[in-house]
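Read off the chains here:
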Amino acid sequence: MKKIYKWLLNTLPRPMLIRLSYVFKKFAPLIYKGDAVECPVCERSFSKFLSYGSKVTHRDNVLCPYDLTLERHRLMWLYLNQKSNFFTKPDLKVMHIAPEQCFHKKFQAQKNLDYTTGDLVSPIADLHFDLHDIPLEDNQYEVIFCNHVMEHVKDDLRCMQELLRIMKPGGWGIMQVPIDSTRTTTYEDDSITSPEEREKHFWQYDHVRLYGLNYPKRLEEAGFEVETIDYKKELSDAAFDRYRLMKSELLYIVRKPL
Ligand SMILES: [Zn+2]
């Protein structure tokens, strides 16, 4: 049973897993019973997490078998809980672009939030629009999340500027992207267009660039103030390992100047 379960979770693409997660939720706590790793999002512990990733991004022990969170989701959740007013400030107006399924229902249920989701096509989003030209008024949202989107869009600077435009002055956001921490600059090449070549060069078949360590500079270029947080410094080594966070992953908190 454990083998079949593991095979399924390692074989099916994550979007399909997410759709089937109501099945996994029933079995995961039994099959992965234990206390070696912990997911702060579903508040459950397991003997281990599952492996995840494409040929170039494969990692062991990272995918929560219950709600399918990855390192980046657990990192964001810890920040929101421990370092932000996200769960406490009344009437917080939030725009969540490309909403992650593991957060979507939890955020929707959060009484303090005026919560809207947006996406180009996702059926779970409230609004559908193109980030290059957002059909919303200026200075609307106190919080904006837009994770793992900028590596997919044609003109990332334009999309960042659009998000800045709809953010309230003094507002903040989280805009994570995959980053190759061995690169100082972002790698872009318009001539790489086939899914195979994109996966080889940019880590995934539908990525159009691979960001380097200069990513926060790009956000600043768009007009955001950027705070870079290394969560290794916020947790004990034991807690960092237990949550199975990624050592090279930094959190980029953007703010719109007042
Ligand atoms: Zn979980």
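Here the structure is a predicted model, which means the values were calculated and not measured.

Examining the domain arrangement of the protein
So, point 1. Each domain of the protein was delimited in the assignment, giving domain 1 (2–69) and domain 2 (72–255).
So, point 2. Centre-to-centre, using C-alpha coordinates, domain 1 lies 23 Å away from domain 2.
So, point 3. Counting residues at the interface gives 24 residues for domain 1 and 14 residues for domain 2.
So, point 4. Both sides together, the interface formed by domain 1 and domain 2 hides about 1,600 Å², and carbon and sulfur atoms give 56% of it.
So, point 5. The interface formed by domain 1 and domain 2 contains two salt bridges.
So, point 6. One salt bridge connects Arg242 with Asp35, and the closest N-O pair in it is separated by 2.8 Å.
So, point 7. Here domain 1 and domain 2 share eight residue pairs in polar contact (both at pLDDT 80 or more) between them.
So, point 8. For the side of domain 1 that touches domain 2, the elements supplying multiple residues, two or more each, are helix H2 (14–19), strand S1 (37–39) and strand S4 (59–63).
So, point 9. Per-element accounting of the side of domain 1 that touches domain 2 gives the leading share, four residues, to S4.
So, point 10. When the residues that make up the side of domain 1 that touches domain 2 are grouped by side-chain class, the tally is twelve nonpolar, five polar and seven charged.

Side note on the sheet that holds strand S5 (residues 92–97)
So, point 1. Within the open sheet, the seven strands sit side by side as S7-S6-S5-S8-S9-S13-S12. Their pairing is mixed. Lying at the two open borders of the sheet, with one neighbouring strand each, are strand S7 (127–128) and strand S12 (225–229).
So, point 2. Two strands pair when backbone bridges link them, and strand S8 (residues 141–146) and strand S9 (residues 167–174) are joined in this way by four bridges, in the parallel orientation. Within S9, the residue paired with Ile144 across the bridge is Gly173.
So, point 3. Here helix H6 (residues 156–166) sits on the sheet and contacts S5, S8 and S9; the angle it forms with S9, its principal contact strand, is near 130°.

Reading the values: the criteria
Residues numbered from 1 in each chain as written. Predicted model: local features only at pLDDT ≥ 70, side-chain atom pairs only at ≥ 80, totals over all residues. Heavy atoms only, no water. Domains from an automatic or database assignment. Contact = heavy atoms within 4.5 Å. Buried area = accessible area lost by both parts, 1.4 Å probe. Salt bridge = Lys/Arg side-chain N within 4 Å of Asp/Glu carboxyl O. Polar contact = N/O pair within 3.5 Å; in protein donor to acceptor, adjacent residues only side chain to side chain. Helix = DSSP H or I, 4+ residues; strand = E, 2+ residues; numbered from the N terminus. Nonpolar A, V, L, I, M, F, W, Y, C, P; charged D, E, K, R; others polar. Pairing = 2+ DSSP bridges. Axes fitted to C-alpha atoms, helices over the stretch in contact; angles between N-to-C directions.

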